[in-house]
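The lines below spell out each chain.
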Amino acid sequence: MGNHRADLAMRFQLMDPDEPLKHQLYLKGTGQFEITQATSVWFTTSIDLTNNFNTRRPSDSVLPKVRSELNKYLTEGETGIDNFYIENRRNIRRETYVRLYAGILEDMFGGAGAEVLFEPFGKRWAIGANVNWVRQRAFNKKV
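Calculation notes
- Residues numbered from 1 in each chain as written.
- Predicted model: local features only at pLDDT ≥ 70, side-chain atom pairs only at ≥ 80, totals over all residues.
- Heavy atoms only, no water.
- Salt bridge = Lys/Arg side-chain N within 4 Å of Asp/Glu carboxyl O.
- Helix = DSSP H or I, 4+ residues; strand = E, 2+ residues; numbered from the N terminus.
- Contact = heavy atoms within 4.5 Å.
- Pairing = 2+ DSSP bridges.
- Phe/Tyr/Trp six-rings, centres within 6.5 Å; stacked < 30°, edge-to-face > 60°.
- Buried < 20%, exposed > 50% of the residue type's maximum accessible area, 1.4 Å probe, protein only.
- Lys NZ or Arg CZ within 6 Å of the ring centre and 35° of its normal.
- Patch = residues over 30% accessible without salt bridge, like charges linked within 9 Å, V, L, I, M, F, W, Y side chains within 5 Å.
- Areas by Shrake-Rupley, 256 points an atom, 1.4 Å probe, with all protein chains shown as cover.
- Polar contact = N/O pair within 3.5 Å; in protein donor to acceptor, adjacent residues only side chain to side chain.

**Q** Is there a simple way to explain the pattern of salt bridges in this structure?
**A** Opposite charge on two side chains permits them to pair, given that their charged atoms come into close proximity. Overall, the coordinates contain six salt bridges when judged by the stated rule. It is possible to trace a salt-bridge network through shared partners that takes in Glu87, Arg89, Arg99 and Glu115.

Shown next as structure tokens:
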């Protein structure tokens, strides 16, 4: 079984002193295929319809560039694969759940990770933790 959908979506970027409003209008296709009851493949791809993002104002951050290269992804990778990953969800104990995943996790990063959630029955609280190993993707969003 699987779920599929297509959406018209829009991105906005505010606060560039030279160009205070940048935008992208794009067609987004998403899907999910169940391999087993616990294992699924998820994907999202986007097709650029129009945008005015550019790289005229490069990032001058002295910190490691995690999100500051966004405009390169929106100009060199305006159309491409947003995510494509496999995940496995399990209930390892009565109140403890685990999720494992690997692949292209988002626009800028791919990798692998795990999430654990402890949710006591009948309580109004839960606690969870995530750990991830990621690697920055190419700006063109092909891989």
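**Q** Even after reading the chapter, I still don't get the side chain of Thr44, so can you show me in this structure?
**A** Mapped onto the elements, Thr44 comes out in strand 3 (residues 39–51). If we skip the residues at most four places from it in the chain, Thr44 touches Lys28, Gly29, Thr30, Ile81, Asp82 and Asn83.

**Q** Can you help me understand the pairing of strand 2 (residues 21–34) in this one?
**A** Looking along a regular strand, one sees the side chains alternate between the two faces of the sheet. For strand 1 (residues 2–14) and strand 2, the ladder comprises 13 bridges, and the chain directions are antiparallel. Among the inter-strand pairings, Gln13 is bridged to a residue of strand 2, identified as Lys22. Between strand 1 and strand 2, which pair antiparallel in sequence order, lie six residues; one of them, Met15, sits at a positive phi of approximately 85°. Connecting the antiparallel pair strand 2 and strand 3 is a turn made up of four residues.

**Q** Sorry if this is basic, but what is going on with the packing of aromatic side chains here?
**A** How two aromatic rings sit relative to each other is given by the distance of their centres and the angle of their planes. According to the stated counting rule, one finds three aromatic pairs in the structure shown. A ring pair is formed by Tyr73 and Phe139, whose centres lie 4.9 Å apart and whose planes are at 70°; its orientation type is edge-to-face. Taken together, the positions of Tyr73 in helix 1 (residues 70–76) and Phe139 in the segment after strand 7 (127–136) put the pair 66 residues apart, joining distant regions of the chain. With a relative accessible area of 23%, Phe139 lands in the partly exposed category. On the basis of an interplanar angle of 55° and a centroid distance of 6.1 Å, the ring pair of Phe118 and Trp125 is categorised as tilted. With a relative accessible area of 32%, Phe118 lands in the partly exposed category. The ring of Phe121 has Arg94 lying over it, and the distance from NZ or CZ to the ring centre is 5.5 Å.

**Q** Help me out: how do you make sense of a nonpolar patch on the surface in this one?
**A** Taken together, the side chains of Met10, Phe12, Leu14, Met15 and Leu21 make up a nonpolar region of the molecular surface, amounting to roughly 590 Å² of accessible area. Ranked by the residues each element gives to the nonpolar patch, the list is headed by strand 1, at three residues. For Met10, the position within the fold is in strand 1. Residue classification places Met10 among the partly exposed residues on the basis of a relative accessible area of 41%.

**Q** Help me understand the side chain of Asn54 in this model?
**A** Summarising the element assignment, Asn54 is placed in the loop between strand 3 and helix 1. A polar side-chain atom of Asn54 sits 3.1 Å from the main-chain amide nitrogen of Arg56. Other than its neighbours up to four places away in sequence, Asn54 contacts Glu19, Lys22, Asn71 and Thr75.

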